[in-house]
Amino acid sequence: MTPSRRCFSAPGKALLAGGYLVLDPENSSFVTALSARIYAVTAPTPSLDSTLPTVTVLSPQFQEGEWSYTVCRSPTTGFVSLPAITPDRRNPFVQSAIASVINYLSATGTLQTPLPSLTMTILSDNAYHSQPSDAVPRFNKHPLPITEVPKTGLGSSAALTTSLVAALLSFYGDMNTDAAETKIILHNLAQLAHCNAQGKVGSGFDVACAVFGSIVYRRFQPSIISSLPPTPTSSAAEALYLLSLKNVIEADWNVGTRACSVPRRMRLLMGDVSGGSETPAMVQMVLRWRKDGGESASAVWTALGKANEKLIAAMIALGEQAAKDPKAYDAFVDEVLKVGASGVAQLGHSNGGRTGELFVQVVDAIVEIRHNLRGMTAGSGAQIEPVEQTKLLDACSALPGVLGGVVPGAGGYDAVCLLVAEAAVDAIAEQTEGVFENVKWLELREEATGVREEDMLVIEEFL
């Protein structure tokens, strides 16, 4: 093992509550970090050119998985451009992460000099992409380029961007990515890089989750990023761009990232559904419906926001109750294992005390969220909770140990997410085998930790 190698990772996500409403800064959403992670390993390398350093990113799990750039820094302004050494291959997330970090460090005067060349190796856990079977090795290799391998919707681009930004800040800026103040800079840079790569300012919940872990998220104002000048084409513009970049990244974004996890003995069970959805098109349909749908659209939007807030508050309170009265909490979870969602509600109303009351609130909130998502589906025409997913979620909610389920994120045909008692997971898999033929339950758990440095000993054998 080369001692100078370091590894950083970031998790995937599941948006349990907040689909579409997450676009508004006044709304809160509950996003959970998942155990699927993307790893970025840094290693200094000799420069290909004696004067111009290079950055090379390798993704050995995919064909044509190599992207290389020459780092050209202006001696007068400090602005960095990245001419591609592999111009026939594009990875906007890789290029944007490198450009954002190096230019920020240049703007702050903390960029390592002389600038060494760098090789980064990316490894992604199998859950991010559809696999040919369950019997594949960790970090399975695919016979296709990354753009041609179907994704499972866990936020791979956000996790990739975040792990790269962390690795670059550590390598070129010698920054401690565990420090609270550095994590804010890391978050802002990752959001900027991700938006630039996508060509639009998104809600940012996936990047925030990759940085901070499981959180109650409230987005930043989009104008923060859109205020940044375009890529400069003159020396005067370069100097202005770097100053603006520093100011934007170090500004107070007023983003909400309160830590919030699934209570103990409970678990999210993610199901990959063989289907597909065009999320950008669905978002446009929903926004158009919200704008033109009058009072009926406003009523659904408001009701969904209240249901989301109800679920968030109940989950937080339930976690606190589990610590405050563990005996009553454990006893109620044991009963949850015997009944489905409707049975949990009956138990809670009959003799569950404060713990039962909170479980009822969780079940009721999930029911209300689904009701309003179906209303949004009917009003907008976007297939957020289509009939097929309704039937699947209803059947799952009747299984013992299940509190309820939703179509996560923007919804559609891609996935379902169930909130279940952890001890019921194996039984749920057995009871649904051969019944839900288009559903594959993913071996994932909530992982409250966001971006972090990893022990190289854990990852070295796969490089």
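So, how was this worked out
- Residues numbered from 1 in each chain as written.
- Predicted model: local features only at pLDDT ≥ 70, side-chain atom pairs only at ≥ 80, totals over all residues.
- Heavy atoms only, no water.
- Helix = DSSP H or I, 4+ residues; strand = E, 2+ residues; numbered from the N terminus.
- Rg over C-alpha atoms; globule rule 2.2 N^0.38 Å.
- Buried < 20%, exposed > 50% of the residue type's maximum accessible area, 1.4 Å probe, protein only.
- Pairing = 2+ DSSP bridges.
- Axes fitted to C-alpha atoms, helices over the stretch in contact; angles between N-to-C directions.
- Contact = heavy atoms within 4.5 Å.
- Phe/Tyr/Trp six-rings, centres within 6.5 Å; stacked < 30°, edge-to-face > 60°.
- Lys NZ or Arg CZ within 6 Å of the ring centre and 35° of its normal.
- Arc of directions from axis to C-beta.
- Patch = residues over 30% accessible without salt bridge, like charges linked within 9 Å, V, L, I, M, F, W, Y side chains within 5 Å.
- Areas by Shrake-Rupley, 256 points an atom, 1.4 Å probe, with all protein chains shown as cover.
- Salt bridge = Lys/Arg side-chain N within 4 Å of Asp/Glu carboxyl O.
- Lys, Arg positive; Asp, Glu negative; His and termini not counted.
- Charge placed at Lys NZ, Arg CZ, Asp CG, Glu CD.
- Core = buried A, V, L, I, M, F, W, Y, C linked by side-chain atoms within 4.5 Å.
- Left-handed = near helix turned anticlockwise from the far one by under 90°.
- Nonpolar A, V, L, I, M, F, W, Y, C, P; charged D, E, K, R; others polar.
- Disulfide = S-S within 2.5 Å.

- Labelled according to an unreviewed UniProt entry, the protein chain appears under the name Ribosomal protein S5 domain 2-type protein, originating from Lipomyces orientalis.

### As for the overall build of the protein chain
- Scanning the protein chain from N- to C-terminus turns up 14 helices and 14 strands.
- Computed over C-alpha atoms, the radius of gyration of the protein chain comes to 23 Å, within 12% of the 23 Å expected from 2.2 N^0.38 for 463 residues, which places it in the range of a compact globule.
- By principal-axis analysis of the C-alpha atoms, the protein chain measures approximately 75 × 50 × 40 Å.
- Looking at the protein chain as a whole, 56% of its 463 residues are labelled buried.

### Things to note about the pairing of strand β2 (residues 29-45)
- Burial runs high along β2: 14 of the 17 residues are buried.
- As defined by bridge partners, β2 adjoins strand β8 (residues 215-218) across three bridges and the pair is classed as antiparallel. The residue of β8 that forms the bridge with Phe30 is Val216.

### Structural notes on the sheet that holds strand β10 (residues 266-273)
- Overall, antiparallel pairing links the four strands, which are arranged β11-β12-β10-β13 in an open sheet. Strands at the two margins of the open sheet, each flanked by one partner only, are β11 (402-406) and β13 (439-441). Strand-to-strand twist across the sheet, computed as the mean angle between neighbouring axes with direction ignored, equals 25°.
- Alignment of β11 against strand β12 (residues 415-421), held across four bridges, turns out to be antiparallel. Looking across to β12, one finds that Val406 is bridged to Cys417.
- Helix α11 (residues 353-380) contacts β10, β11 and β12 of the sheet and is inclined by roughly 25° relative to β11.

### Some details on the packing of aromatic side chains
- Evaluated as defined, the whole model comprises seven aromatic pairs.
- Ring plane angle 85° and centroid distance 4.9 Å describe the contact between Phe171 and Tyr172, whose orientation is recorded as edge-to-face. Accessibility assignment for this pair places Phe171 and Tyr172 in one class, buried.
- Over the face of the ring belonging to Phe220 we find Arg219, whose NZ or CZ atom lies 5.0 Å from the ring centre.

### Observations concerning the pairing of strand β3 (residues 54-58)
- Burial within β3 is extensive, with four of its five residues counted as buried.
- Relative to strand β4 (residues 66-70), β3 runs antiparallel, the two being bridged by five bridges. Following the sheet pairing, Leu58 is matched in β4 by Glu66.
- Across four bridges, β3 lies against strand β7 (residues 117-124) in parallel orientation. Within β7, the residue paired with Val55 across the bridge is Leu118.

### Examining helix α9 (residues 326-336)
- Within α9 the residues assigned to the buried category are Tyr329, Phe332, Val333 and Val336. Axial view of α9: buried residues confined to an arc of 105°, hence all on one face.
- Buried residues along α9 sit against β10, α8 (294-324), α10 (341-351), α11, β11 and β12.

### Some details on a negative patch on the surface
- Residues Asp426, Glu430, Glu433 and Glu443 make up a contiguous surface patch of negative charge.
- Within the secondary structure, Glu443 sits in the loop between β13 and β14 (452-454).
- Classification of Glu443 by relative accessible area gives exposed; the value is 74%.

### Some points on the pattern of salt bridges
- Within the structure shown, the criterion is met by 20 salt bridges.
- When the shortest N-O distance is used, the salt bridge between Glu385 and Arg370 registers 3.0 Å. Of this pair, Glu385 sits in the loop between α11 and α12 (387-397) while Arg370 sits in helix α11, and the two are 15 residues apart along the sequence.
- For Glu385, a relative accessible area of 3% corresponds to the buried category.
- If you follow the salt bridges from partner to partner, you end up with Arg37, Glu447, Arg452 and Glu454 in one network.

### Side note on the nonpolar core
- Among the nonpolar cores identified, the biggest contains 144 residues, and Ile98, Tyr172, Phe359 and Met376 are the most heavily contacted of them.
- The biggest single contributor to this core is α8, with 13 residues.
- Not counting chain neighbours up to four residues away, the residues in contact with Tyr172 comprise Thr54, Val55, Ile102, Leu105, Thr110, Leu111, Gln112, Leu115, Pro116, Ser117 and Leu118.
- Counting seven residues, the second-largest nonpolar core is a separate cluster that includes Cys7, Tyr39, Leu123 and Ile459.

### Brief notes about the packing of α9 against α10
- α10 packs onto α9 with a crossing angle of 145° between their chain directions and a minimal axis gap of 10 Å. Taken as a pair, α9 and α10 cross one another with a handedness that is right-handed. Taken together, the residues of α10 that come into contact with α9 (itself represented by Phe332, Glu335 and Val336) are Val344, Leu347 and Gly348.
- Taken together, the residues of the contact of α9 with α10 break down into four nonpolar, one polar and one charged.

### Brief notes about the environment of Leu318
- Relative to the helices and strands, Leu318 is located in helix α8.
- Residue class for Leu318 comes out buried when judged on its relative accessible area of 1%.
- Separated by 56 residues in the primary sequence, Leu318 and Val262 place their C-alpha atoms 8.8 Å from one another.
- For Leu318, the contacting residues outside a window of four places in its chain are Pro263, Tyr329, Thr355, Leu358, Phe359 and Val362.

### Description of the state of the cysteines
- Under the criterion given, the structure shown has zero disulfides.
- Cys209 provides the cysteine sulfur closest to Cys260, a residue in no disulfide bond, and the two sulfurs are 11 Å apart.
- A relative accessible area of 3% means that Cys260 is categorised as buried.
- The cysteine Cys417 is free of any disulfide, with Cys396 supplying the nearest cysteine sulfur at 11 Å.

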